[in-house]
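Observations on chain architecture
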Amino acid sequence: MTAVKKRWPDGTPRSQGNAFSAHLDGRPSVFGTLVALANAQHSINSTRNVEQQRLTGRDYSTLYGISAKADESVRRYRQQISIDPNPQASADKQAKLRGRSNQARSQ
């Protein structure tokens, strides 16, 4: 481990003996308990597994089999799901940028 300088480059003394510098003395952090570290590793592993499964075409977060209508809806709209809070306004803006308004499209 490299020696920790006691002052910042501008000469200001560095804070010592607090939660931000406690790890510098070699002791484990009070925030890094075994349970917290295990939970963090579990989260990392779960995210990695889900990403790998999605790359192979499997997505276990979708509840298929609830009904045939719901399954068909998921298949049809999988690429069209939007988290836009006002999708109609966004569609209007895009149409305006393309040079057509909703009125012109509906006639």
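Reading the values: the criteria
- Residues numbered from 1 in each chain as written.
- Predicted model: local features only at pLDDT ≥ 70, side-chain atom pairs only at ≥ 80, totals over all residues.
- Heavy atoms only, no water.
- Helix = DSSP H or I, 4+ residues; strand = E, 2+ residues; numbered from the N terminus.
- Buried < 20%, exposed > 50% of the residue type's maximum accessible area, 1.4 Å probe, protein only.
- Areas by Shrake-Rupley, 256 points an atom, 1.4 Å probe, with all protein chains shown as cover.
- Expected span 1.5 Å × (residues − 1).
- pLDDT = per-residue confidence, 0-100.

Here we look at the overall build of the chain
When helices and strands are counted, the chain shows four helices and zero strands. Across the chain, helices and strands are ordered from the amino to the carboxyl terminus as α-α-α-α. For the chain, the residues scored as buried account for 3% of the 107 residues in total. Roughly 9900 Å² of accessible area belongs to the chain as shown, and the carbon and sulfur atoms make up 57% of that amount.

Digging into helix H1 (residues 34–55)
Over its 22 residues, H1 extends 32 Å from the first C-alpha to the last, a length consistent with the 32 Å expected when each residue adds 1.5 Å. Where H1 ends, the next residue or the one after it, Gly57, has phi of about 95°, a positive value.

Some points on the environment of Val30
Along the chain, the position of Val30 falls in the segment before H1. The spacing of Val30 and Ala19 is eleven residues in sequence and 8.0 Å in space, taken between C-alpha atoms.

So, the confidence of the model for the chain
When pLDDT is averaged along the chain, the result is 76; 72% of the residues meet or exceed 70. Mean pLDDT across the secondary structure elements of the chain bottoms out at helix H4 (residues 102–106), with 54, and peaks at H1, with 89.

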